[in-house]
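Per-entry structural report
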Amino acid sequence: MTHSPLVVAVFLFAVAGICSLAGIGEPMGVGNDRTLQLATIHAELACCVLLFLPLCARTRGAALRNLLAVTACFAAASACVLLLHFVARGGLPWQSRGGALGAWLFTGGVISLGARLGGAWVMRARVALLCMFALPPLAHYLALEYASASLLHLRPVSPSWALAAGALSWWPLLPMALLPWAAVLALPAPKQAEVAL
Amino acid sequence: MQPLSALSLLLLAVVTAAPLHAQAIDKDRSRFLSEPHGRPGTCAPYRLVFKATAETERVEVIHGNVKLVVQVAAKAGETSETILPVYVAPDVVIRVAGDEHTPRLPLRRMEPDYEQPYVAVFAADAMYARPILPSVPGQLACDYYENREFFSDWRLFDGYDGLVLFSPEAQRPPAGTQRAIAEFCSLGGAAIIVGSFRMGEKVEGLPAPAEAELLKFHGVSAQRMAYGPGAIYRIDFEELRRSGNPYAVLRGALLDHMWFGDTRAPAGKPQSRVPSPAALNVVAGTPEAPQPGALFFGLAGALLALCGVVPLVARRVKFGALWSMPALAAGAAAIGALALLQPQPRPLLDCWAVVYAESQDRQRPASARAFLLPGQDVDETLAVDLANAARVLPRPWRNAQGRAGWQLDLPLQTGEPAAPAELAFGEVNGTRFRDFAAMAYKGEGGFDAESARLLEWWLDENAYRGRRSGLGAAGWRLEAESAPALESVEKRTRGALWVVNRRLVPDPR
C-alpha cells in the first residue's frame, strides 16, 4: 500500500510515454495534443480500480490509513496529469480533477470496504467497480443496437464514459464517494474471537 | 407616493429613454462621401454623424469576421462627426454609442476596369476641378474633394485606382498627406500631382521615390517616379493649363500606370485591392508537436523520487505510517501546482502572402496582401484599431475549402526576394505558365510547394496578354506590430510570392 502512489505515477508516465510514440498513439487516435491528456486521464481512472492496494486490516484505523493512501494516490496521479499541461491549450487536466477526485474516493472507499469485510471482498469490489465503469456504455450500445433505446442517463454512473463524453464532473461522484467511507467507518470492529479465527 | 407608482415611473423613464439613447446615429446625414460611386469589396470614406454620450466614443465597423475600431473624441450630448473607412458591402454594420446602423450603399458600383480608372480628385475648389477632369462614363470615374479634406489614412482611398491632386500654388498639404500617398502608392495606386506641394512635415522611415523618368502625355511633360508597385506622377500646372486638353493628359497618365506603359489595355481584369473571386487553394497545417522542457523532466523526476523515498523514510521513523501519505500527498500537490507553470502551445495562424514590389531591391517600398487561416483557439473576429501605426486593412476571406480566414493588405513592407522568373506573353521563363506552375511544385525556379500554390493562383488571375512580371519565392513574415490583436498567436508563414510588374520601355507620345 505504501508504494501505491509510486506504482500509479510510474504507470501513468509509462502510458503517456507509450501513447506519445507516433507509431503506437496514431492508430488509436492519440497525438501530442489534447488526446494525450485524455488518454492519460482514462488511464488514471483505470488506476483507481486496478492499482490501489488497501491495507487489509479489519479496523477503523486501517480504514483511515486507506483514506490517506487514496488521497496520496490521487495527488500523485494528479501531478502526472498536470505535468501534461504543456501538451495542449485549455484546462482539461485541471478541469478533470474534481471528477477524478470523486472517482478515486469512491473506488478507494469501495475497495476499503471490501478490505474491512475480508480479503476476498477486495477482489469482489474490484470486479464490481470494473462492471460499473464498463457495463453502462456496453448496455447503451446493446440497447441502441437491439432495441433502438437509449441508456444515456447511465452516463454519470461510469466515470470513463462521462470523461469520453466530456461530462466528467465531481457531481454525482463526490456524494457517492462519501457513502462507502461512511460504511467503512460505521462497520463495527470484529469481535476478538472472530479476529483470532 | 405609492412604491408601485414610483416603480412604474422608473420603468416608464427607462423605456422612453432607451429608444432615444439607441438612436444615436443620424442616419440621414451619415453617408458615403464617394456617393454615388463605390467599389464593392473595398473601403470608401464614410461620414458618420452621431450624438455622443461620452467624451470619447468607440466606433466599430463590422463586416463578416473583421472589425475596424476607432476611438473618436466627442462632446457628451452633442452631435459629432467623423470620417472613417467603411466597407462597401451589404452586411456591414456600424456601431457607436449603443446604436447600430447599416449604411446605404452607393448606387454606382465601380468594378475594376482597364478602360475606366476610378480616381479621387482633390483641388482647392472641387467645382474648379470638375470641368478640367470630368467623370465620363466608360472612360473615367471621379470623386471630387477639396484639398483641405485630404485623408491621412490610405484606407479611405482603398477603392480608388489613383489620386489626382491639384496644387498650383504649392500649398502645404494637411498633416499625414505624405504618408498616406506613400502607403497608397506602395499598394499599387498612382498619385498624380498637378503643381507641387510644400511638404513641410518630416516623416520618419518613408522610402524616397525612385529616380524620375520623363514621359509625355499629349505633348505635356510628366515626371514619373516609381514607388513600390505604384507611382507618383508630377505635371506642371501651367503646362497642363496651356495644353488645351488636360483631361486627355491626366487620363493618359492614369492609363500609362494601369497599362504598365503599354499603348493598349492588357487583357483580363486590372490588379486591384478587390478580393479575388478565385479561391486560393491553401489549407491550414497542423501545429508542431509540443516538446517537454526542463521543467517537465525536473518535476517528473521529483515526483518519482518523492513517491519512492517517502515510504522508505517513513519505515525508519516514528509514526511514519501516519504522516507518510499526507506528506506524499502535499508534495505531489505542490509538484502538480508547479506543473501548471509550464508554457502551453500558442494558437497557430498560417499565413501566405503576395508581396508586390518595385524591383528586386529589398530597400525599395513594397506592399503585401496576406491570407490568414486561423487555427483552433484563435478569435473568430479580427479587430483592427484604425489608430494603429501599421495601417493594415483586413477583409473577410475564405480558402478554396470554404474555411473562414482573413485577407490583410499591408503597406510599406519589406521582404527577401529570390531570383525572379519572368512572365511575358503567357510564358514564364519560356514555358507555358500552367506548365511552369506545375514545375514550381517540384522546386523549379526556387519555389517550394506552398509558394507554388500562390504562384499557380496568381498566374491564373494575371497571366494575360499585356502582363509582364518578375516572380519569385519571397522571404516574408507577418510582424507583430501589423496585427496587435494577433500578438498572442503564433504566426507561421507557409509561403510568399514576390511580384514585380514590368513596364514597357516608355514611348514618347
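Basis of the calculations
Residues numbered from 1 in each chain as written. Chains lettered and ligands numbered in written order. Predicted model: local features only at pLDDT ≥ 70, side-chain atom pairs only at ≥ 80, totals over all residues. Heavy atoms only, no water. Helix = DSSP H or I, 4+ residues; strand = E, 2+ residues; numbered from the N terminus. Expected span 1.5 Å × (residues − 1). Buried < 20%, exposed > 50% of the residue type's maximum accessible area, 1.4 Å probe, protein only. Contact = heavy atoms within 4.5 Å. Patch = residues over 30% accessible without salt bridge, like charges linked within 9 Å, V, L, I, M, F, W, Y side chains within 5 Å. Areas by Shrake-Rupley, 256 points an atom, 1.4 Å probe, with all protein chains shown as cover. Salt bridge = Lys/Arg side-chain N within 4 Å of Asp/Glu carboxyl O. 1 Å grid on protein atoms, 1.4 Å probe; cavity = no way out; pocket = protein on both sides within 12 Å on 5 of 7 lines; lining within 4 Å. Points joined across faces, edges and corners; volume = space filled by probe spheres on them. Nonpolar A, V, L, I, M, F, W, Y, C, P; charged D, E, K, R; others polar. Domains from an automatic or database assignment. Buried area = accessible area lost by both parts, 1.4 Å probe. Polar contact = N/O pair within 3.5 Å; in protein donor to acceptor, adjacent residues only side chain to side chain. Pairing = 2+ DSSP bridges. Axes fitted to C-alpha atoms, helices over the stretch in contact; angles between N-to-C directions. Phe/Tyr/Trp six-rings, centres within 6.5 Å; stacked < 30°, edge-to-face > 60°. Lys NZ or Arg CZ within 6 Å of the ring centre and 35° of its normal.

Regarding helix H6 (residues 294-316) of chain B
The end-to-end C-alpha separation of H6(B) is 33 Å, in line with the 33 Å expected for 23 residues at 1.5 Å each. Residues of H6(B) that are buried: B:Phe296, B:Leu299, B:Ala300, B:Leu303, B:Leu306, B:Cys307, B:Gly308, B:Val310, B:Pro311 and B:Ala314. Taken together, the buried residues of H6(B) touch helix H1 (4-19) and helix H4 (60-82) of chain A together with helix H7 (320-339) of chain B.

Observations concerning a nonpolar patch on the surface
All names here are of chain B. There is a patch of nonpolar side chains on the surface, built from Val-309, Val-313, Val-317, Phe-319, Leu-322 and Trp-323 and spanning about 540 Å² of accessible area. Among the elements of the structure, H6 and H7 are those that each provide at least two residues to the nonpolar patch. Taking the relative accessible area as the measure of exposure, Val-317 reaches 38% and is therefore partly exposed.

Details of empty space enclosed by the protein
Residues and elements named next belong to chain B. Applying the stated criterion across every chain yields a total of two cavities of 30 Å³ or more. Counted as a void, the largest cavity has a volume near 40 Å³. What lines the largest cavity is Ser-34, Gly-38, Arg-39, Thr-42, Cys-43, Ala-44, Pro-45, Val-88, Tyr-118, Leu-156, Gly-159 and Tyr-160. Here the lining of the largest cavity takes three residues from strand E3 (residues 43-51), the largest share from any one element. Each residue belonging to the lining of the largest cavity can be placed in one class, and the counts come to seven nonpolar, four polar and one charged. Here the lining of the largest cavity gathers at least three residues from each of two domains, domain 1 (21-101) and domain 2 (110-258). One number sums up the size of the second largest cavity: a volume of about 30 Å³. Lining the second largest cavity are Ser-276, Ala-278, Ala-279, Leu-280, Phe-371, Trp-397, Gln-407 and Trp-457. Classifying every residue of the lining of the second largest cavity gives six nonpolar, two polar and no charged.

Side note on the layout of surface pockets
Considered as a void within the structure, the second largest pocket measures approximately 870 Å³ in volume. Considering the residues around the second largest pocket, the lining is formed by 33 residues, among which A:Asp33, A:Val87, B:Pro287, B:Pro345 and B:Arg346 are closest to the centre. Put simply, the parts of the chain that give the lining of the second largest pocket at least two residues each are strand E17 (348-357) and strand E27 (490-501) of chain B. Considered class by class, the residues forming the lining of the second largest pocket number 14 nonpolar, nine polar and 10 charged.

Some remarks on the interface of chain B and chain A
At the interface, 33 residues of chain B touch 28 residues of chain A. Together, the buried faces of chain B and chain A total about 2500 Å²; carbon and sulfur atoms form 74% of this surface. Three residues stand out in chain B for area buried against chain A, namely B:Met325, B:Leu340 and B:Gln344, and they jointly supply 23% of the buried area on that side. The interface formed by chain B and chain A holds zero salt bridges in total. Linking chain B with chain A are five residue pairs in polar contact (both at pLDDT 80 or more), by the criterion used here. Looking at the side of chain B that touches chain A, the elements with two or more residues in it are H6 and H7 of chain B. Here the residues of the side of chain B that touches chain A sort into 25 nonpolar, five polar and three charged.

Topic: the domain arrangement of chain B
What the domain assignment lists for chain B is domain 1 (21-101), domain 2 (110-258), domain 3 (294-339) and domain 4 (348-501). For domain 3 of chain B versus domain 4 of chain B, the separation of C-alpha centres amounts to 54 Å.

With respect to the sheet that holds strand E19 (residues 382-385) of chain B
One key point about sheets: their strands pair by backbone hydrogen bonds, in either a parallel or an antiparallel sense. Residue and element names in this part refer to chain B. Read across the sheet, five strands follow the order E8-E7-E4-E5-E19 without closing on themselves; strand pairing throughout is mixed. Either end of the sheet is taken by a strand with one partner, and the two such strands are strand E8 (99-101) and E19. Adjacent strand axes in the sheet meet at a mean angle of 20° when their direction is disregarded. Where strand E5 (residues 66-73) and E19 come together, four bridges link them in parallel fashion. Looking across to E19, one finds that Leu-68 is bridged to Val-384.

Re the packing of aromatic side chains
Taken as a whole, this structure holds 17 aromatic pairs over all chains when the rule is applied. Between B:Phe32 and B:Tyr46 the ring centres are 4.9 Å apart and the planes differ by 80°, which places this aromatic pair in the edge-to-face class. Residue B:Phe32 is found in strand E1 (residues 31-32), and its partner B:Tyr46 is found in strand E3; the two are separated by 14 residues along the sequence. Using a relative accessible area of 0% as the deciding quantity, one classes B:Phe32 as buried. A relative accessible area of 0% places B:Tyr46 in the buried class. Judged by centre distance (6.2 Å) and plane angle (55°), the ring pair of B:Phe217 and B:Tyr233 falls under tilted. With a gap of 16 residues between them, B:Phe217 in strand E14 (residues 212-217) and B:Tyr233 in strand E16 (residues 230-235) connect regions that are remote in the sequence. For the pair B:Phe217 and B:Tyr233, one class covers both residues: buried. Members of the aromatic cluster, joined through ring pairs, are B:Phe122, B:Tyr145, B:Phe150, B:Phe151, B:Phe157 and B:Phe184. The positively charged end of A:Arg124 is found above the aromatic ring belonging to A:Trp121, 4.8 Å away from the centroid.

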